[in-house]
Amino acid sequence: MSGRKIPCVLMRAGTSRGPFFLREWLPENEQERDQVLIGAIGASDPLQLDGVGGGSTLNSKVAIVSRSSRPGCDLDYLFAQVGVGHQSVDTRPNCGNMLAGVAPFAIEQGLVPAEEGRTTVRIHNVNTGATIESTVCTPGRQVTYEGDARIDGVAGTAAPILLNFLDAWGAVTGKVFPTGQRIDVVDGLEVTCIDAAMPLMILRASDLGVTGRERPAELDAHATLLARIEKLRILMGARMGLGDVTHSVIPKPVLVSPGDHPDSIVSRYFTPHQCHASHAVTGAIGVSTAFALPGTVASGVARPPGRHPLAVVHPQGQIDLDVEIAAQGDDVAVVRAALVRTARKIMQGEMHLPAYVFPARTAEAGADPAAEPEPFPQEEVRIIVPTSAGGGNDTMARILTRKLGPALGQVVSVENRTGANGSVAAEYVAASRRDGHTLMFGYIATHGINPVLQTLCYDPLEDFAPVGLVGYSPTVLVVNTALPVQDVPALIKLLQSSAAGRQHYASAGEGTLPHLAAEMFLRTLGVAGQEGLHHAGAAPAIGAMVRGQSQWMFPSLFSALPYLKSGKLRLLAVASAARLSAWPGVPTLSELGIQGLELTQWYALFAPARTPAPVIMKLNQALNQVLEDPEVRSRMEQDGAQVKTSTPEQLLRHVKTELERWQVLVRATGLLQTRAMQEAQEL
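Residues numbered from 1 in each chain as written. Predicted model: local features only at pLDDT ≥ 70, side-chain atom pairs only at ≥ 80, totals over all residues. Heavy atoms only, no water.

### Comments concerning the packing of helix H7 (residues 392–408) against helix H15 (residues 630–638)
- Two numbers describe how H7 lies on H15: the axes approach to 10 Å, and their chain directions differ by 170°. The angle between H7 and H15 falls in the class roughly antiparallel. For the pair formed by H7 and H15, the contact residues are Thr-395, Met-396, Ile-399, Arg-402 and Lys-403 on the first element and Glu-631, Val-632, Arg-635 and Met-636 on the second.
- A breakdown of the residues in the contact of H7 with H15 according to their chemical character gives 4 nonpolar, 1 polar and 4 charged. (Axes fitted to C-alpha atoms, helices over the stretch in contact; angles between N-to-C directions. Helix = DSSP H or I, 4+ residues; strand = E, 2+ residues; numbered from the N terminus. Parallel < 35°, antiparallel > 145°, perpendicular 65-115°, else oblique. Contact = heavy atoms within 4.5 Å. Nonpolar A, V, L, I, M, F, W, Y, C, P; charged D, E, K, R; others polar.)

### Remarks on the environment of Pro-608
- With respect to the helices, strands and loops of the structure, Pro-608 is situated in strand E27 (residues 600–608).
- Spatially, the C-alpha atoms of Pro-608 and Ala-518 are 33 Å apart, while their sequence positions differ by 90 residues.
- Those residues in contact with Pro-608 that sit more than four places away from it in its chain are Val-429, Ala-430, Ser-432, Arg-433, Arg-434, Thr-438, Asp-463, Phe-464 and Ala-465.

### Some points on the environment of Gly-18
- With respect to the helices and strands, the residue Gly-18 is situated in strand E2 (residues 16–22).
- Each C-alpha atom, one on Gly-18 and one on Lys-61, is 5.2 Å from the other, the two residues being 43 residues apart in sequence.
- Setting aside residues no more than four positions away along its own chain, Gly-18 makes contact with Val-9, Leu-10, Met-11, Lys-61 and Met-98.

### Concerning the pattern of salt bridges
- Per the stated rule, a full pass over the model turns up 27 salt bridges.
- In this structure, the salt-bridge partner of Glu-218 is Arg-215, at a minimum N-O distance of 3.4 Å.
- Given the relative accessible area of 53%, Arg-215 is considered exposed. (Salt bridge = Lys/Arg side-chain N within 4 Å of Asp/Glu carboxyl O. Buried < 20%, exposed > 50% of the residue type's maximum accessible area, 1.4 Å probe, protein only.)

### Notes on unusual backbone geometry
- Following Ile-250, the chain continues to Pro-251 via a peptide bond in cis, the omega torsion being 0°.
- Residues Thr-271 and Pro-272 are joined by a peptide bond in cis, for which omega reads 10°.
- Structurally, the position occupied by Pro-272 is in the loop between strand E13 (264–269) and helix H6 (281–292).
- Positive phi, close to 60°, is recorded for Arg-141, a residue that is not glycine.
- Residue placement: Arg-141 occurs in the loop between strand E7 (131–138) and strand E8 (161–165).
- With a relative accessible area of 14%, Arg-141 lands in the buried category.
- The phi dihedral of Asp-187 is positive, around 55°, even though this residue is not glycine.

### Brief notes about the side chain of Thr-138
- Relative to the helices and strands, Thr-138 is located in strand E7.
- The exposure class of Thr-138 is buried, given its relative accessible area of 0%.

### Section: the packing of aromatic side chains
- Applying the stated criterion to the full structure yields 9 aromatic pairs.
- Relative to Tyr-603, the ring of Phe-441 lies with its centre 6.1 Å away and its plane at 35°, an arrangement referred to as tilted. Of this pair, Phe-441 sits in strand E20 (residues 438–443) while Tyr-603 sits in strand E27; the two residues are 162 residues apart in sequence, bridging distant segments of the chain. Judged on exposure class, the residue Phe-441 and its partner Tyr-603 are both buried. (Phe/Tyr/Trp six-rings, centres within 6.5 Å; stacked < 30°, edge-to-face > 60°.)

### Concerning the packing of H7 against helix H14 (residues 613–627)
- H14 packs onto H7 with a crossing angle of 130° between their chain directions and a minimal axis gap of 9 Å. On the basis of the axis angle, H7 is oblique to H14. You can see that H7 and H14 cross each other, and the crossing is right-handed. Contact residues: H7 offers Leu-400, Lys-403, Leu-404, Ala-407 and Leu-408, while H14 offers Lys-618, Leu-619, Ala-622, Leu-623, Gln-625, Val-626 and Leu-627. (Left-handed = near helix turned anticlockwise from the far one by under 90°.)

As structure tokens, this is what we get:
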């Protein structure tokens, strides 16, 4: 049996490190999934030489992420603790450090759209049922890992990630104090069992004859101490309702001792058979909860209801938390805890798994053991996007790749190649190997407008093999909310007023649909003197308009939707034949008497010309299968686009029709004459 290849992103998250996977990258069968995780980490070997583990439970962690089906949540996060030196996978615990990497990973994989500046994502932790809000730095609607935040246990600085635990109390066992007592007396020791983000068994260090400030190596070398802690852990695990925890990593044992000031507590956190080199985030939530509440072995000074800054001191520094206490009748409870973590993407690519981690299988009934595997795909499939990252084309392509990879049984990645309104990417793909491993995310500019406006080094018909349509998005007329207009007549009046001065329109580049639509709009109105500001793509164009550098634009609904939802742009009209179902009160331009501006953006996949027909058909079938996926359809509709499937032959006819149509439309703008004059002057 041969090994396998799957997509993977390796990340440092908080003070942990491990591979991150989208759920669809892994087998659906739980047993097969666990074998993949064992192979990824290299669990069979204590040194984990044959995987990406680090020979420690801290570096034998896995995060599995998917879009959430839970109301009010954006993501599902399943944490898996993989064994060190033994083939085991435990999904009962949680890991708050790995949690820090979930939101940036999901944003970069296209599961969640990024907002300008900061993006807050609500995460459902599948292990515990808890909900956590994660706020990530996203300047320019792109995740950044660079910043000035520093956390103890990690060298250097990075961008801060704020984790706000909303309902972590009692998430695993159903009770904050699962035994029904804040303190249990067992074997002559007082013990607090608490379920707050992570089930913990907390002991006073002094009751066990240690100070609680020892280095982890000192505690790990204390065999008698470790044996007594494990005996207590197994006993209290049963009392907490967790059953036999002999082979489980929960509950986690914790030794606590007084801090240096009233708002700090010293903690030594076990994982569970060795002392953590620093401290788990989820463990810090539990320790700080026990510290803030009265009547536990960790209780500090009495605290009134409200927010309190607390610190959990660990071997490499401390974790600072903001804990909120609320009074509920005669009882006092912790209702919120927030803290800052950081993360960094280390590498992204495909992981090669050895065959020996998978159990041998007998051939399925009816299967031909001598059958040869499909000749395509034999390697990573790249989709070349001709626009900048963060724009509509890029976002749509990344939505596709998450499902297209599993459908093809191979890694599918996105690569942005910008320039010349998409022509740079088109020329690159046209000259690529004719085997289907390099595809073009073509759209209205590359296969409709450019051939009419420019002298190209590619032919949209002769140099490409159509694969299939992806979808379309209507063009809309939007304005900066600072502009004192509420409808199209008011905008027209402003544009026609000489006293108002120039009102710049934004475009995604010369010759793009936003550029042509604006010029056609001005010519239809007979307005002169207004100028456009051209940008390298729709995303930077809209960003510039939001900042007030331009005042109006004709983007696709797909590109504009996040800003319309946030109220940073105002929708005035739709440049299509029908009104939008989501905005039934917004008129079409034709309804307002402005004819000839029914402009719809469309998107499709193309391969280089003369790619073998069986490859094209397999790509078309996989593409259409993905586009029929309810999750993909829903995501595209939420983002302002409609799915549109086709056969390769239907896409070819569509491109021919578009070329003829744009020949007529571009002539009407006068841009053909302008371009000819510019070229003559350059000569």
